[in-house]
Amino acid sequence: MANPEDFFKKVIAHAKEYGYIFASSEIYDGLSAVYDYAQNGVELKKNIREYWWRSMVYMHQNIVGLDSAILMHPKIWKASGHVDAFNDPLIDNKDSKKRYRADVLVEDYAEKLEVKAQKEIAKAKKRFGEAFDQAQFEATNDRVLRYRQEKQGILDRLARSLEAEDLADVKVLIESLGIADPDTGSKNWTDVRQFNLMFGTKLGASAETATDLYLRPETAQGIFVNYLNVQKTGRMKIPFGIAQTGKAFRNEIVARQFIFRMREFEQMEMQFFVRPGEEMQWYDYWKQTRLKWHLSLGMGEENYRFHDHEKLAHYANAASDIEFNFPFGFKELEGIHSRTDFDLKQHETFSGKKLQFFDPELNESYVPYVVETSIGLDRMFLAVLSHSLQEETLDDGSQRTVLKLPFILAPTKAAVLPLVKKDGLPELAKSIIDQLQWDFNVIYDEKDAVGRRYRRQDAAGTPYCITVDHQSLEDQTVTLRNRDTMEQIRVSIDSLALHMQEAIAYKNWLA
Ligand code: ATP
């Protein structure tokens, strides 16, 4: 599976074929950038959520959970800045009728200059071999310097225009760089316009009395407006955190890339309230803690990297993304943001209520600072799914498709397979299901030859196959087959739960 584009298509097809993800409203030709989680997908998603929740809430004595409503008072989005500033600049191509984010078109152009610089560096490396001093080359080579200077100039100008909301200048920039529609090559552009990403809706029975509301574009604000309630009723002392998972909605301008960018998606967010002045140490702590969580799933250290932001959002004094190596390259999976006291202060102003915390150790009141960790559950799902899908050539030369999901996240932990459909084997297999289903999601499968059933479970991501044969009737033992090693061991039926428990204990993964 060398070509990343083909591989990504394979991931999408596999997600459908094995009951992970369906396009929403498929029989009506789908709804753009909205997806449904199928029988296996819903389990994988639930397991990822649970893995996050346990690590954040159960493993931190000073973090508690919350489930706030999707619909909130409309003033909240005024206070948070979303009504005025949650915009993306969009541009349409008049010939192709395709819509793009104007800033992304310019950024992609700038990135191409960086690619050219990298090519020069690679060429020189090859030419000079061992003796190559990369740092010196980058600092002195004319071409590299020129490419990077041009790139920086473009990005600076874009940042200035966006900051000043000078959208006409963004268009001038696109035209002067000769940027064309990536799909068709046309340079026939409309003006650049701001587009608010929030979905509006109405509350109330009649048109005259209805109130305009928004579907929340992030779960964070539900935490901010509840922070003092939680602090008081939970008798929380700073520093403490509130964790929440739930749906968020964004009317994304360009939503391609499957579940990477959806219009309805789920976030897992934690807001950590700290003393003013201590936010940077907590920001560093959460950056490292969140990276460790990702690494605990064993999907390869080389597939993660931090991207520290230079340009900060209006509410932040530091921000970094954890990027993952998706089939289409490294992209943001999670954000860690030091949000200062911006949100709470804004809510004080807009609500007229004091949101201060009395710190008994300092004997003073203050509005806490906030460090946030925010990860998209669907993006995490895509990271896990795409990383796990593998094509293997076996010793006998045959191929197998295997979905090597981390055992702890796999939707079904074991399939119980009677070798044949007679002689009392199905009955024994079903009695094993009866025992195991108290603690594990297990399924029964008797259709086709056992080899084909193994392949089917490999492709679906099931960690174990338990095969019941004639010997099982005599000595109450079965074979336990491991999806990844394909090794089979003979174990007693009584010990199955213990074997499986060991492999999926949270302690063994999270610790
Ligand atoms: P991007 O730059 O990719 O648009 P963002 O910086 O706007 O993302 P945040 O507002 O920081 O994202 O949201 C936190 C997390 O929520 C992101 O790291 C991502 O995992 C997830 N997320 C954001 N937008 C979407 C979306 N449209 N679909 C799926 N997940 C999303």
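No experiment lies behind these values; they were computed from the predicted model shown.

Colleague: Explain the overall build of the chain to me, please; I cannot follow it from the model alone.
Modeller: For the chain, the count of helices and strands is 18 helices and 23 strands. Projected onto the principal axes, the alpha-carbon positions of the chain cover approximately 80 × 65 × 60 Å. Of all 511 residues assigned to the chain, the portion counted as buried reaches 49%. Considering only residue pairs separated by 6 or more positions, the chain has 66% of its internal contacts joining residues 24 or more positions apart. Surface summary for the chain: the accessible area is close to 25,400 Å², and the carbon and sulfur share equals 50%.

Colleague: Explain the nonpolar core here, please?
Modeller: Nonpolar side chains in soluble globular proteins tend to end up buried together. Counting residues in each nonpolar core, the largest one holds 78 residues, and the members touching the most others are Tyr20, Ile48, Trp286, Met380, Phe381, Ile466 and Leu496. Take this core: its biggest share by element is seven residues, from helix α13 (residues 377-388). Inspection of this core shows a minimum of three residues originating in each of domain 1 (41-69 + 219-386) and domain 3 (399-510). Listed in part, the 23 residues of the second largest apolar core include Ile91, Ile154, Val170 and Leu173.

Colleague: What am I meant to see in the domain arrangement of the chain here?
Modeller: Many authors give the size of an interface as the accessible area that is lost as the parts come together. Taken domain by domain, the chain comprises domain 1 (41-69 + 219-386), domain 2 (87-192) and domain 3 (399-510). Its C-alpha centre places domain 1 at a distance of 31 Å from the equivalent point of domain 2. Listed as interface residues are five residues of domain 1 and, on the opposing side, eight residues of domain 2. Between domain 1 and domain 2, roughly 550 Å² of surface is buried when both sides are summed, and carbon and sulfur atoms account for 62% of that area. Sorting the residues of domain 1 by area buried against domain 2 places Ile253, Arg256 and Lys311 first, and these three jointly supply 75% of that buried surface. There are zero salt bridges connecting domain 1 and domain 2.

Colleague: Help me understand the packing of helix α2 (residues 39-58) against helix α11 (residues 279-295) in this model?
Modeller: For any two helices packed against each other, one specifies the crossing angle of their axes together with the interaxial distance. The contact between α2 and α11 brings their axes to 11 Å, and the two run at 140°. Looking at the two axes, α2 sits oblique to α11. Note that α2 runs across α11; the crossing there is right-handed. Only Trp286, Arg290 and Trp293 of α11 make contact with α2, whose side of the interface consists of Ile48, Tyr51, Trp52, Ser55 and Met56. Here the residues of the contact of α2 with α11 are counted per class, giving six nonpolar, one polar and one charged.

Colleague: Please clarify how the packing of aromatic side chains should be interpreted in this entry.
Modeller: Centre distance and the angle of the planes are the two values used to describe a pair of aromatic rings. Under the counting rule described, the total for this entry stands at 26 aromatic pairs. Taking 5.3 Å as the distance between ring centres and 80° as the angle between the ring planes, the aromatic pair formed by Phe260 and Phe328 counts as edge-to-face. Note that Phe260 is positioned in the loop between β9 (240-249) and β10 (264-274) and Phe328 in the loop between β12 (318-326) and β13 (329-340), a separation of 68 residues in sequence. With a relative accessible area of 5%, Phe260 lands in the buried category. Judged by its relative accessible area of 22%, Phe328 falls in the partly exposed class. Grouping aromatic residues by their ring pairs yields a cluster made of Phe8, Tyr35, Phe258, Phe260, Tyr304, Phe324, Phe326 and Phe328. Just above the ring of Trp293 sits the side chain of Arg290; from NZ or CZ to the centre is 4.3 Å. Its guanidinium or amino end placed over the ring of Tyr315, Arg339 lies 4.1 Å from that ring's centre, counting from NZ or CZ.

Colleague: When you look at the side chain of Glu266 in this model, what are you seeing that I'm missing?
Modeller: Position of Glu266 among the secondary structure elements: in strand β10. By relative accessible area, which is 6% here, Glu266 ends up buried. Within the structure, the side chain of Glu266 is placed 3.3 Å from the side chain of Lys45, a separation counted as a polar contact. With sequence-adjacent residues up to four places away left out, Glu266 is seen in contact with Lys45, Arg49, Thr245, Gly246, Lys247, Ile375, Gly376, Leu377 and Asp378.

Colleague: Explanation requested: the sheet that holds strand β4 (residues 87-92) in the structure shown.
Modeller: Sheet strands pair via backbone hydrogen bonds, and the direction of the pair is either parallel or antiparallel. Taken in spatial order, the three strands make up an open sheet running β5-β4-β6, and their pairing is antiparallel. Edge strands, defined here as strands with exactly one partner in the open sheet, are β5 (99-101) and β6 (193-196). Each strand of the sheet is rotated relative to its neighbour by a mean of 45°, with strand direction disregarded. Of the pairings in the sheet, the one linking β4 to β6 comprises four bridges and is antiparallel in character. By the bridge assignment for β6, Leu90 is matched with Arg193. Here helix α5 (residues 102-128) sits on the sheet and contacts β4 and β5; the angle it forms with β5, its principal contact strand, is near 65°.

Colleague: In this structure, what is going on with the site of the ligand? I would like to understand it.
Modeller: Around the ligand there are 15 residues in total, and Glu252, Arg261, Met262, Glu332 and Leu333 lie nearest to it. In this structure, an oxygen atom belonging to the ligand sits 3.0 Å away from a side-chain N or O atom of Arg379. Broken down by secondary-structure element, the contributors of at least two residues to the shell around the ligand are β10, β13 and β16 (369-376). The leading source of residues in the shell around the ligand is β13, at five residues. Each residue belonging to the shell around the ligand can be placed in one class, and the counts come to four nonpolar, five polar and six charged.

Colleague: Looking at this structure, I do not really get the packing of α5 against helix α7 (residues 142-163). What am I missing?
Modeller: Contact pair α5 / α7: the axes reach a minimum separation of 8 Å and the direction vectors enclose 165°. Here α5 is positioned roughly antiparallel relative to α7, judged by the angle of their axes. You can see that α5 and α7 cross each other, and the crossing is left-handed. Along its contact with α5, which presents Asp103, Val106, Glu107, Tyr109, Ala110, Leu113, Glu114, Lys116, Ala117, Gln118, Glu120 and Ile121, the element α7 presents Arg143, Val144, Tyr147, Arg148, Glu150, Lys151, Ile154, Leu155, Leu158 and Leu162. Here the contact of α5 with α7 is composed, by residue class, of twelve nonpolar, one polar and nine charged.

Conventions we followed
Residues numbered from 1 in each chain as written. Predicted model: local features only at pLDDT ≥ 70, side-chain atom pairs only at ≥ 80, totals over all residues. Heavy atoms only, no water. Helix = DSSP H or I, 4+ residues; strand = E, 2+ residues; numbered from the N terminus. Buried < 20%, exposed > 50% of the residue type's maximum accessible area, 1.4 Å probe, protein only. Contact = heavy atoms within 4.5 Å. Areas by Shrake-Rupley, 256 points an atom, 1.4 Å probe, with all protein chains shown as cover. Core = buried A, V, L, I, M, F, W, Y, C linked by side-chain atoms within 4.5 Å. Domains from an automatic or database assignment. Buried area = accessible area lost by both parts, 1.4 Å probe. Salt bridge = Lys/Arg side-chain N within 4 Å of Asp/Glu carboxyl O. Axes fitted to C-alpha atoms, helices over the stretch in contact; angles between N-to-C directions. Parallel < 35°, antiparallel > 145°, perpendicular 65-115°, else oblique. Left-handed = near helix turned anticlockwise from the far one by under 90°. Nonpolar A, V, L, I, M, F, W, Y, C, P; charged D, E, K, R; others polar. Phe/Tyr/Trp six-rings, centres within 6.5 Å; stacked < 30°, edge-to-face > 60°. Lys NZ or Arg CZ within 6 Å of the ring centre and 35° of its normal. Polar contact = N/O pair within 3.5 Å; in protein donor to acceptor, adjacent residues only side chain to side chain. Pairing = 2+ DSSP bridges. Near = heavy atom within 4 Å.

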